[in-house]
Amino acid sequence: AAFGCGDGIVRKYLAGECLAALFAMSVFAFVSGLGPLNPWMARSALDLSFPEACYLWITGSPPARLQKTGRENINDFMTKFQKFHS
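Each chain carries its own residue numbering, running from 1 in the direction its sequence is written. Totals for whole chains, interfaces and linings use all residues, but because this is a predicted model, local features are given only for residues with pLDDT of at least 70 and pairs of side-chain atoms are given and counted only at 80 or more. As a rule here, side-chain values cover all heavy atoms of the structure and leave hydrogens and water aside.

**Q** Help me get a handle on the overall build of the chain, residues and values and all.
**A** Within the chain one finds four helices and zero strands. What you see in the chain, going N to C, is helices and strands ordered as α-α-α-α. A 1.4 Å probe rolled over the protein chains alone gives each residue an accessible area, and that area as a share of the maximum for its type sets the label: buried under 20%, exposed over 50%, partly exposed in between. Burial status across the chain gives 26% buried among its 86 residues. Residues are treated as being in contact if the distance between any of their heavy atoms lies within 4.5 Å. Partitioning the contacts of the chain with sequence separation of at least 6, the portion at a separation of at least 24 is 23%. Accessible surface area values rest on a Shrake-Rupley calculation with a 1.4 Å probe, where residue burial reflects the displayed protein chains alone. As displayed, the chain has an accessible area near 6,500 Å², and 64% of this comes from carbon and sulfur atoms. For the purposes of this entry, the term helix denotes a DSSP run of H or I that reaches at least four residues, the term strand denotes a run of E that reaches at least two, and both are numbered from the N terminus.

What follows is the structure, encoded as C-alpha coordinates:
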(Lines give C-alpha, C1' and ligand atoms only; values in the text may rest on other atoms or scores of the structure.)
Protein backbone atom coordinates (compact mmCIF):
# COMPACT_ATOMS: atom_id res chain seq x y z
CA ALA A 1 0.00 0.00 0.00
CA ALA A 2 1.13 3.52 -0.74
CA PHE A 3 -0.11 6.86 0.60
CA GLY A 4 -2.18 4.98 3.17
CA CYS A 5 -4.39 3.46 0.45
CA GLY A 6 -5.19 -0.14 -0.29
CA ASP A 7 -3.78 -1.91 -3.32
CA GLY A 8 -6.89 -1.30 -5.40
CA ILE A 9 -6.84 2.46 -4.84
CA VAL A 10 -3.15 3.18 -5.52
CA ARG A 11 -3.46 2.90 -9.31
CA LYS A 12 -6.58 5.07 -9.36
CA TYR A 13 -4.89 7.65 -7.13
CA LEU A 14 -1.76 7.80 -9.33
CA ALA A 15 -3.87 7.94 -12.51
CA GLY A 16 -5.89 10.80 -10.99
CA GLU A 17 -2.69 12.68 -10.12
CA CYS A 18 -1.36 12.27 -13.68
CA LEU A 19 -4.69 13.35 -15.15
CA ALA A 20 -4.77 16.42 -12.90
CA ALA A 21 -1.25 17.36 -14.01
CA LEU A 22 -2.25 16.93 -17.66
CA PHE A 23 -5.31 19.16 -17.17
CA ALA A 24 -3.20 21.80 -15.41
CA MET A 25 -0.72 21.84 -18.31
CA SER A 26 -3.59 22.03 -20.80
CA VAL A 27 -5.08 25.05 -19.05
CA PHE A 28 -1.68 26.76 -19.01
CA ALA A 29 -1.17 26.01 -22.72
CA PHE A 30 -4.64 27.32 -23.58
CA VAL A 31 -4.17 30.54 -21.60
CA SER A 32 -0.65 31.22 -22.90
CA GLY A 33 -1.59 30.54 -26.52
CA LEU A 34 0.89 27.65 -26.86
CA GLY A 35 3.82 30.08 -27.08
CA PRO A 36 5.61 31.53 -30.09
CA LEU A 37 7.27 28.22 -31.00
CA ASN A 38 4.07 26.25 -31.40
CA PRO A 39 4.20 23.92 -34.40
CA TRP A 40 1.58 25.75 -36.44
CA MET A 41 3.43 29.07 -36.29
CA ALA A 42 6.91 27.53 -36.69
CA ARG A 43 5.83 25.57 -39.78
CA SER A 44 4.78 28.75 -41.54
CA ALA A 45 7.60 30.98 -40.31
CA LEU A 46 10.53 28.60 -40.91
CA ASP A 47 9.11 26.25 -43.59
CA LEU A 48 9.37 23.19 -41.35
CA SER A 49 7.70 19.83 -41.55
CA PHE A 50 5.35 18.95 -38.69
CA PRO A 51 7.85 16.60 -36.92
CA GLU A 52 10.57 19.27 -37.21
CA ALA A 53 8.21 21.90 -35.80
CA CYS A 54 7.29 19.65 -32.86
CA TYR A 55 10.98 18.99 -32.16
CA LEU A 56 11.63 22.75 -32.19
CA TRP A 57 8.68 23.34 -29.85
CA ILE A 58 9.83 20.71 -27.34
CA THR A 59 13.59 21.30 -27.38
CA GLY A 60 14.03 24.88 -28.61
CA SER A 61 16.67 23.68 -31.07
CA PRO A 62 16.08 24.23 -34.79
CA PRO A 63 16.45 21.24 -37.13
CA ALA A 64 19.98 20.39 -38.26
CA ARG A 65 19.23 21.35 -41.87
CA LEU A 66 18.69 24.98 -40.81
CA GLN A 67 21.84 25.21 -38.71
CA LYS A 68 25.16 26.36 -40.14
CA THR A 69 27.49 25.57 -37.23
CA GLY A 70 25.34 23.06 -35.35
CA ARG A 71 25.37 25.23 -32.22
CA GLU A 72 22.51 27.60 -33.05
CA ASN A 73 19.44 27.91 -30.89
CA ILE A 74 16.12 29.60 -31.44
CA ASN A 75 17.56 33.02 -30.56
CA ASP A 76 19.53 32.88 -33.80
CA PHE A 77 16.29 32.50 -35.74
CA MET A 78 14.33 35.23 -33.96
CA THR A 79 14.70 37.68 -36.86
CA LYS A 80 12.80 35.27 -39.10
CA PHE A 81 10.10 34.95 -36.46
CA GLN A 82 9.89 38.71 -35.99
CA LYS A 83 9.52 39.28 -39.75
CA PHE A 84 6.81 36.63 -39.90
CA HIS A 85 4.86 38.02 -36.93
CA SER A 86 4.96 41.64 -38.11
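**Q** Now, about the pattern of salt bridges: what can you tell me, with residues and values included?
**A** Here, a salt bridge means any Lys or Arg side-chain nitrogen found within 4 Å of an Asp or Glu carboxyl oxygen. Using the criterion set out here, one finds one salt bridge in the structure. For arginine 65, the salt bridge goes to glutamate 52, with nearest N and O atoms at 2.9 Å. One end of the pair, arginine 65, is in the loop between helix H3 (50–59) and helix H4 (78–85); the other, glutamate 52, is in helix H3, and 13 residues separate them in sequence.

**Q** If you had to explain the confidence of the model for the chain to someone new, which residues and values would you point to?
**A** pLDDT expresses, on a scale from 0 to 100, how confident the predictor is about each individual residue. Per-residue pLDDT for the chain has a mean of 78; in total, 85% of the residues score no lower than 70. Taken element by element, the chain is modelled with least confidence in H4, mean pLDDT 69, and with most confidence in H3, mean pLDDT 86.

**Q** Give me unusual backbone geometry: which residues, what numbers.
**A** One non-glycine residue, aspartate 47, lies in the positive phi region at around 55°. Mapped onto the fold, aspartate 47 is located in the loop between helix H2 (39–46) and H3. Overall, the relative accessible area of 62% leaves aspartate 47 in the exposed class.

**Q** Hey, could you go over the packing of H2 against H3 for me, with residue numbers and the actual values?
**A** Closest axis-to-axis distance for the H2/H3 pair is 9 Å, and the angle between their directions is 115°. With respect to the hand of their crossing, H2 and H3 are arranged in right-handed fashion. Between H2 and H3, the contacting residues are Pro39, Trp40, Ala42, Arg43 and Leu46 on the first element and Phe50, Ala53, Cys54, Leu56 and Trp57 on the second. The class makeup of the residues in the contact of H2 with H3 is nine nonpolar, no polar and one charged. To define axes, lines are fitted to C-alpha atoms, for helices over the stretch in contact only, and angles between the resulting N-to-C directions are given on a 0 to 180 degree scale. Left-handed describes a crossing in which the near helix is turned anticlockwise from the far one by less than a right angle; the clockwise case is right-handed. Following the grouping adopted for this structure description, the nonpolar residues are Ala, Val, Leu, Ile, Met, Phe, Trp, Tyr, Cys and Pro, the charged ones are Asp, Glu, Lys and Arg, and the polar ones are all others, Gly among them.

**Q** A description of H2 should follow, citing residues and the corresponding values.
**A** All of the buried residues in H2 are Pro39, Ala42, Ala45 and Leu46. All buried residues of H2 project into a common sector of 135° when viewed along the axis, lining one side. Polar contacts here mean pairs of N or O atoms no more than 3.5 Å apart (in protein, one a potential hydrogen donor and the other a potential acceptor; neighbouring residues in sequence count only if both atoms are side-chain atoms). Two or three places before tryptophan 40, at the start of H2, stands the capping residue asparagine 38, its side-chain oxygen 3.1 Å from that residue's backbone nitrogen. Aspartate 47 lies just past H2 and shows a positive phi near 55°. Working note: the arc is built from the helix axis to C-beta atom directions.

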